[in-house]
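# What the coordinates show
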Amino acid sequence: MLDDVLEVLACPHCGAGLQRHGSGLRCPAGHAFDIARQGYVSLLPGRTGGDTAEMVAARADFLRAGHYAPIADAVADALAEVTGCVVDVGAGTGHYLTRVLERSPQRTGLALDVSKYACRRAAKAHPRAGAAVADAWQGLPVRSAAASAVLNVFAPRNAAEMHRVLRPGGLLVVVTPNADHLAGLVADLGLVTVDGRKQQRLDAQLADRFRLVDRRDREFGLSLDPAEAEAVVAMGPSAWHATPEALRERIARLPAPVATAASVAVATYERV
Ligand SMILES: C[S@@+](CC[C@H](N)C(=O)[O-])C[C@H]1O[C@@H](n2cnc3c(N)ncnc32)[C@H](O)[C@@H]1O
Ligand SMILES: [Zn+2]
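Residues numbered from 1 in each chain as written. Chains lettered and ligands numbered in written order. Predicted model: local features only at pLDDT ≥ 70, side-chain atom pairs only at ≥ 80, totals over all residues. Heavy atoms only, no water.

### Examining the coordination of the zinc ion (ligand 2)
A metal bound by six donors in octahedral fashion has ideal angles of 90 or 180 degrees, whereas one bound by four tetrahedral donors has an ideal angle of 109.5 degrees. Cut-off, in case you're wondering: Only nitrogen, oxygen and sulfur atoms within 2.8 Å of the metal, or 3.2 Å for Na, K and Ca, are treated as donors, and water is left out, so sites may look incomplete. All geometry calls rest on donor angles, where a four-donor set with angles between 85 and 135 degrees is tetrahedral, four- and six-donor sets with opposite donors more than 155 degrees apart and all others between 65 and 115 are square planar and octahedral, and all else is irregular. Working definition: with a 1.4 Å probe on protein chains only, accessible area under 20% of the residue-type maximum means buried, over 50% means exposed, and in between means partly exposed.
Of the protein atoms, only Cys-11 (SG), Cys-14 (SG), Cys-27 (SG) and His-31 (ND1) coordinate the zinc ion (ligand 2), at distances of 2.1 to 2.3 Å. One way to put it: the 4 donor atoms around the zinc ion (ligand 2) meet at angles of 101 to 120°, and that makes the site tetrahedral. One chain supplies every donor to the zinc ion (ligand 2), and in sequence these donors are spaced C-x2-C-x12-C-x3-H. The buried category is assigned to Cys-27, whose relative accessible area is 4%.

Below you can see the structure in the form of structure tokens.
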């Protein structure tokens, strides 16, 4: 855990700052947290959840292949002027945070995810990034107004907490799937489509605390091998209520490579 990133962390029990203590971290009241061998700190002691090792591995492979590069570019473009700490909530492997950090040496990053498997990867994703296991719904283990920007990419949104950790004028970038995201694949596989009113819901969630600065749709074709098609379904918003084996079997019946299209909204908000 880097000192620059350590500075923005807060004790999940009492909200105080954290300092190094032995091989872990500790707050002045004595709440103590281990730093795992893989480099992330667990600020959700004793519990973990979120994505499994398999889900995280599938997403890592998919993202590494560059299929979602247009989304990563849009996220990094949205934060062009930002310096300071960027907090990624529900960061997964740290893919998007990494792209943002690569754009400027004046940035550090904190990846937060409830999955320890995600944090293992995020901790190693970039030399200027740290990672912590945390549950977005229980409050973010980040000091108030410590973040210059917050990323939220296909992940749970706790508007009050994202607002609290951002400095005034700080930017929030939210990526959400549009109703026609992966539409062809969703139809072919008999999956449930995403709620088409998601944007309105998002606006309502954020309305009191954020001002919309920019929103743009990113739409692009995808040509996927069967494993990638499976990964994109597993990481997407469509509900799949059968076993992974059944999904794999249905994908195997599609003509390869599987052709579909991504459609997402990249929205940038300013903290008010
Ligand atoms: C669809 S993935 C997106 C990951 C990453 N942003 C990306 O796009 O590659 C959603 C992520 O949110 C995490 N997650 C789910 N519930 C969470 C919670 N309550 N707090 C923090 N992270 C959570 C999952 O473990 C998973 O890594
Ligand atoms: Zn404490």
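### Describing unusual backbone geometry
Convention followed: Secondary structure elements follow DSSP: runs of H or I of four or more residues count as helices, runs of E of two or more count as strands, with numbering from the N terminus.
Cis rather than trans, the peptide bond between Ala-256 and Pro-257 has omega equal to -5°. Its location among the elements puts Pro-257 in the loop between α10 (244-252) and β11 (258-271). For Leu-182, which is not a glycine, the phi torsion comes out positive at approximately 60°. Mapped onto the secondary structure, Leu-182 falls in the loop between β9 (166-177) and α7 (183-188). The buried category is assigned to Leu-182, whose relative accessible area is 3%.

### What to know about the sheet that holds strand β1 (residues 19-21)
Short version of the rule: At least two bridges found by DSSP between two strands are what make those strands a pair. Lines fitted to the C-alpha atoms define the axes, with helices restricted to the stretch that makes contact. Angles between their N-to-C directions range from 0 to 180 degrees.
Read across the sheet, 3 strands follow the order β1-β2-β3 without closing on themselves; strand pairing throughout is antiparallel. A strand with exactly one partner marks an edge of an open sheet, and here the two such strands are β1 and β3 (32-34). Direction aside, the axes of adjacent strands within the sheet are offset by 35° on average. Judged from the 3 bridges that link them, β1 and strand β2 (residues 24-26) form a sheet pairing that is antiparallel. From the neighbouring strand, Arg-20 faces β2, where its bridge partner is Leu-25.

### Observations regarding the site of ligand 1
Formally: Near residues are defined by distance, with any heavy atom within 4 Å of the molecule or strand qualifying the residue. Throughout this description, a polar contact denotes any pair of N or O atoms lying within 3.5 Å of each other; where both atoms belong to protein, one of them has to be capable of donating a hydrogen while the other can accept it, and for residues adjacent in sequence the pair is counted only when both atoms sit in side chains. Per-residue and other accessible areas were derived by the Shrake-Rupley procedure at a 1.4 Å probe size, with only the shown protein chains allowed to occlude residues. Residue type decides the class: Asp, Glu, Lys and Arg count as charged, Ala, Val, Leu, Ile, Met, Phe, Trp, Tyr, Cys and Pro as nonpolar, and the leftover types, Gly among them, as polar.
Close to ligand 1 lie 19 residues, the nearest being Gly-90, Asp-113, Asp-135, Ala-136 and Val-153. Within the contact set of ligand 1, an oxygen atom lies 2.7 Å away from a side-chain nitrogen or oxygen of Asp-113. In the model, a nitrogen atom of ligand 1 is placed 2.7 Å from a nitrogen or oxygen of the Asp-135 side chain. Relative to its unbound accessible surface of 600 Å², ligand 1 loses 88% to contact with the protein. Its residues placed into classes, the shell around ligand 1 shows 11 nonpolar, 4 polar and 4 charged.

### Considering the nonpolar core
What counts, and what does not: Nonpolar cores were defined as sets of buried Ala, Val, Leu, Ile, Met, Phe, Trp, Tyr and Cys residues, with membership established by side-chain atoms within 4.5 Å. Any two residues having at least one pair of non-hydrogen atoms within 4.5 Å are treated as being in contact.
In this structure, Tyr-68, Leu-79, Tyr-96 and Leu-151 are the most contacted members of the largest nonpolar core, which totals 51 residues. Beyond its immediate chain neighbours, meaning those up to four positions away, Tyr-68 contacts Phe-62, Leu-63, Tyr-96, Phe-154, His-181, Leu-182, Phe-220, Leu-222, Val-232, Met-235 and Ala-262. Membership of the second largest hydrophobic core comes to 35 residues, among which are Leu-6, Ala-136, Leu-172 and Val-174.

### Considerations on the UniProt feature "domain: Methyltransferase" (unreviewed entry) in the chain
Going by this rule: UniProt positions are given in the numbering used here, feature names are shortened, and annotations may be inferred rather than shown by experiment.
Mapped onto this numbering, the UniProt entry gives "domain: Methyltransferase" (unreviewed entry) at residues 86-170. For residues 86-170, the end-to-end C-alpha separation is 10 Å, with 26% helix and 33% strand making up the annotated structure.

### Considerations on the sheet that holds β9
If you walk across this open sheet you meet the 8 strands as β4-β7-β6-β5-β8-β9-β11-β10, and the pairing is mixed. One side of each edge strand has no neighbouring strand; the edge strands of this open sheet are β4 (41-42) and β10 (210-224). Note that strand β5 (residues 84-89) and strand β6 (residues 107-113) share 6 bridges and pair parallel. The residue bridging Gly-84 from the neighbouring strand is Arg-107, located in β6.

### A short note on the packing of helix α2 (residues 53-64) against helix α9 (residues 226-235)
Going by this rule: Note: crossing handedness is left-handed where the near helix turns anticlockwise from the far helix by less than a right angle, and right-handed where it turns clockwise.
As a packed pair, α2 and α9 sit with axes 9 Å apart at the nearest point and diverge in direction by 115°. Between α2 and α9 lies a crossing of left-handed hand. Contact with α2, carried on its side by Ala-58, Arg-59, Phe-62 and Leu-63, involves Glu-228, Ala-231, Val-232 and Met-235 of α9 and no other residues of that element. In the contact of α2 with α9, the residues fall into 6 nonpolar, no polar and 2 charged.

### Overview of the pattern of salt bridges
For clarity, the cut-off: When a carboxyl oxygen of Asp or Glu is within 4 Å of a side-chain nitrogen of Lys or Arg, the pair counts as a salt bridge.
Counted by the stated rule, this structure contains 11 salt bridges. A salt bridge links Glu-102 to Arg-99; the nearest nitrogen and oxygen atoms lie 3.0 Å apart. Of this pair, Glu-102 and Arg-99 both sit in helix α4 (residues 95-102), separated by 3 residues, roughly a single helical turn. Between Asp-214 and Arg-216 there is a salt bridge, with its nearest N and O atoms 2.9 Å apart. Among the residues examined, Arg-216 registers a relative accessible area of 43% and is labelled partly exposed.

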